[in-house]
Amino acid sequence: MSKKPQPGMTLIVKTVTRLTAWLILLYGITIVLHGHISPGGGFAGGVIIALSLIHLMLAYGKDMVFRRLSKGMVELWESAGALLFLAISLLGLTAGHFFRNFLPEGEPFNLFSAGTIPLSNIAISFKVWAGLFAIFVALVFLRIVDEKK
Amino acid sequence: MVIYLLTLILFCVGIYGLLSKRNMIKMIMGLIIVENAVNLFFILVGYRRNGRAPILSPDALITQMVDPIPQALVLTAIVIGLATTALLIALAMRLYGKYGTYDIAKIRELRG
Amino acid sequence: MSDGAILVPCFVVIPMAGAFVNSLLGKKIKGLPDLLGSLAPLVLLGLSLLAVKTVHSGAALVYPVGSWNPPVGIAMVLDGLTSFMLVTVNMVAFAIAVYARDYMERYTSKEMFYTLFLLMLVGMNGVIVAGDLFNLFVFVEISAVASYALVAFGTERHELEAAFKYAMMGTVGSLFILLGIALLYSVTSTLNMADMGLVLAEQRDGNLILMVSVLFLMGFGLKGALVPFHAWLPDAHPSAPAPISAMLSGVLIKSLGIYALSRIFFNVIGLTPMMSSILMFLGTLSMVVGALLAMGQRDLKRLLAYSSISQVGYVFLGIGLGTPLGVLGGLLHLFNHAVFKSLLFLNAGALEYATGTRDLHMMGGLRKKMPVTNMTSFVASMSIAGMPPFSGFWSKLIIIIAAVQAGHPGYALWAVMVSVLTLALFMKFMKFAFTGELRQDGLKVQEVPGFMRVAMVGLALICLAGGTLLIPGLREIFLNQAAAIFAEGSNYANVILRMN
């Protein structure tokens, strides 16, 4: 007798993933939010957030992840990130110049300081994680149709 | 001086891979190595003797840091390289679907 | 900050906003991609004409992004050459966007096409207004990657093969540019082009600057299809959809290749006699190689692609001369070529849309069935061959006279011979496609839809009027300012930095 093949990997991997995926996601969000204090910022944090979702997808199979996060939502996050970044830079016009820092700059090394830089980091991280996740999905699940000459 | 020579050797390894290999995926890997060599060279240009990492903290002196501008630019260049590589790999996979081979010498229908 | 300099970032912001709004809402709202795709270049065309007027009445505009003044911060610069290129690029982009409304109906996912098209326009405009070297590189990469994706848009066999080869060679060219920027940064320790010009004018570290010049010649020469870096062009331009072929051949190689090269060689590094003679030699080589290889082609778009290489050689010859008359001729030929080459590619697209083939030997006698295409092809062919009074005649005449005046009669002779060859080529095109007997399968052919006709007629009218740019009144506003940038050379830095 044979069981139907389960999607994803073995039970050990699934149990460990239940712990580590959220830790990786939290770590990525930390790096994004502390971009103006410590190294990292939007791009590095966005890559780590995308990695946590890929980790989930590798361990549990694509159906479970696509039930929670459809492809349309990923495209929405990507375009929203780009438009948010453009909006922040255009809002700088209210303070005189394109891209100018228009929020109050607090003390250095505080979390709520440096004007618009944390907001730009968040917008960039949206675009980066959505973009990388979309690249992964497109490359792995591409249906190669065999066409002979 | 030795560091720059090593970067040049890495560049040449990548160019060798790009020129002499016929598999498309190996050519893309050669391109990635060349790109890494150029990025590495750009960071090394900004080195100052006895310099530390250019991260501001309450007790760091700015005069003892390496040049931060190349680091910002190389970050941008790495992202650009990532996008180009993803596009090249997607094109290579689609070409395999149409032609049935990864060998670039057999994909020569446009000529003349 | 200069007055009215808020104009300068608009050229980058407007198409970027259009592209991202398109990718967000394009699938949901029905007519939105067409509307945004045509409206954005129209607005940009208006703004670029305003820019020409502003630069003519005052001096150059410098916009410090984020109110950080150069050389510490990033600057966007708008001077005479910039406004000239902006008008060229945006005018051709508007005509092509109108044409693409009907042509791209036959492809799937039209909203993605307009997103990529607007991103390519962002890149081209960004290269033209960039004031520092690294932003130039980033914008070159944006439009290059968008064009790789657009060449592969139809995802047939030939399009994918051409796109892969183009992408590989284009990436290698970009890496050479990045290496050149790294070496130049190590010498000058600044990235602002004006500041770099100042530093390089004082010290002349001969060998390193020579290597940087060669690296930039290789990198930007590959983007601008200079022989011997032209190998990607005959594959990539025919395989792309017709509006994209027109865009690539008409404005992309000009903005990324010729403009970037001339900005760096004239204003930053300074033109040495050796570099001038290298540019002239490679330009003449491009002219001859392009025209000779185009003679044996049956595929219409491949013939046009080789002739692009040839005409870009004319522009390099004119710019490489360095004399004011030569530069004037080169810039006028750049404008003319952008207009008539995109018109020719749009005509080829119309022929392919109507008959389904690109092979010249399979067409024939279409002049009764497709009158608008016939007329516009005739105008464009006469223009590219250099017949008076069409626009191409004036620019070629100025380049030939300038070459003789500067003491290079040999190059002028080659230019005349290549002009005769080009005439022969386009006589062949007109004969095979339009005159002669209508073939059996040509009976079902009908004229192309409305928007395509409007775009082609518009470009043809500009072709006819191109010679009027030399009338002294108009020449003051448009061409003389652009040519003056070349003449002032390293003085560019003083003009820009004195702004603040």
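Residues numbered from 1 in each chain as written. Chains lettered and ligands numbered in written order. Predicted model: local features only at pLDDT ≥ 70, side-chain atom pairs only at ≥ 80, totals over all residues.

This paragraph deals with the overall build of chain A. Looking only at helices and strands, chain A has five helices and zero strands in total. For chain A, with 149 residues in total, the buried portion stands at 30%. Considering only residue pairs separated by 6 or more positions, chain A has 67% of its internal contacts joining residues 24 or more positions apart. (Helix = DSSP H or I, 4+ residues; strand = E, 2+ residues; numbered from the N terminus. Buried ≥ 20, exposed ≤ 12 C-beta atoms within 10 Å, placed from the backbone. Contact = placed C-beta atoms within 7 Å.)

All names here are of chain C. A cis amide bond links Val 227 with the next residue in sequence, Pro 228, at an omega value of 5 degrees. With respect to the helices and strands, Pro 228 occurs in the loop between helix 8 (206-223) and helix 9 (233-239). With omega at -5 degrees, the peptide bond leading from Pro 388 into Pro 389 counts as cis. As for its placement among the helices and strands, Pro 389 is situated in the loop between helix 14 (371-385) and helix 15 (391-405). Despite not being glycine, Ser 189 has its phi angle at roughly 55 degrees, a positive value. Among the structural elements, Ser 189 can be located in the loop between helix 6 (157-188) and helix 7 (193-202). What makes Ser 189 partly exposed here is the crowd of 14 C-beta atoms within 10 Å.

Further remarks concern the interface of chain B and chain C. Each partner contributes residues to the interface: chain B has 27 residues there, and chain C has 26 residues. For the side of chain B that touches chain C, the elements supplying multiple residues, two or more each, are helix 2 (24-45) and helix 3 (69-99) of chain B. Across the side of chain B that touches chain C, the residue classes break down as 20 nonpolar, three polar and four charged. (Nonpolar A, V, L, I, M, F, W, Y, C, P; charged D, E, K, R; others polar.)

This brings us to helix 8 of chain C. Residue and element names in this part refer to chain C. Helix length check: helix 8 (18 residues) gives 26 Å between terminal C-alpha atoms against 26 Å at 1.5 Å per residue, within 8%. The set of residues buried in helix 8 consists of Val 212, Ser 213, Leu 215, Phe 216, Leu 217, Gly 219, Phe 220, Gly 221, Leu 222 and Lys 223. The inward-facing, buried residues of helix 8 contact helix 5 (133-151), helix 6, helix 10 (242-269) and helix 11 (273-295). Just beyond helix 8, the residue with positive phi is Ala 225, at close to 55 degrees. (Expected span 1.5 Å × (residues − 1).)

Quick look at the pairing of strand 1 (residues 61-64) of chain C now. Residue and element names in this part refer to chain C. Burial of strand 1 is two-sided: the residues Leu 61 and Tyr 63 facing one way and the residues Val 62 and Pro 64 facing the other way are all buried. Summarising the sheet, strand 1 and strand 2 (residues 75-78) pair through four bridges and their orientation is antiparallel. Of the residues in strand 2, the one forming a bridge with Tyr 63 is Met 76. (Pairing = 2+ DSSP bridges.)

In this section: helix 3 of chain B. With 31 residues, helix 3 of chain B should reach 45 Å at 1.5 Å per residue; the first-to-last C-alpha distance of 45 Å fits that figure. Gly 100 of chain B sits one or two positions beyond helix 3 of chain B and adopts a positive phi of about 85 degrees.

Residues and elements named next belong to chain C. Where helix 5 meets helix 10, the closest approach of the two axes is 12 Å, and the angle between their N-to-C directions is 160 degrees. In terms of orientation, helix 5 and helix 10 fall into the roughly antiparallel class. In terms of crossing hand, the pair formed by helix 5 and helix 10 is left-handed. Contacts between helix 5 and helix 10 involve Leu 136, Val 140, Ser 143, Ser 147, Leu 150 and Val 151 from the first element and Ile 244, Leu 248, Leu 252, Leu 256 and Ala 260 from the second. Broken down by class, the residue content of the contact of helix 5 with helix 10 amounts to nine nonpolar, two polar and no charged. (Axes fitted to C-alpha atoms, helices over the stretch in contact; angles between N-to-C directions. Parallel < 35°, antiparallel > 145°, perpendicular 65-115°, else oblique. Left-handed = near helix turned anticlockwise from the far one by under 90°.)

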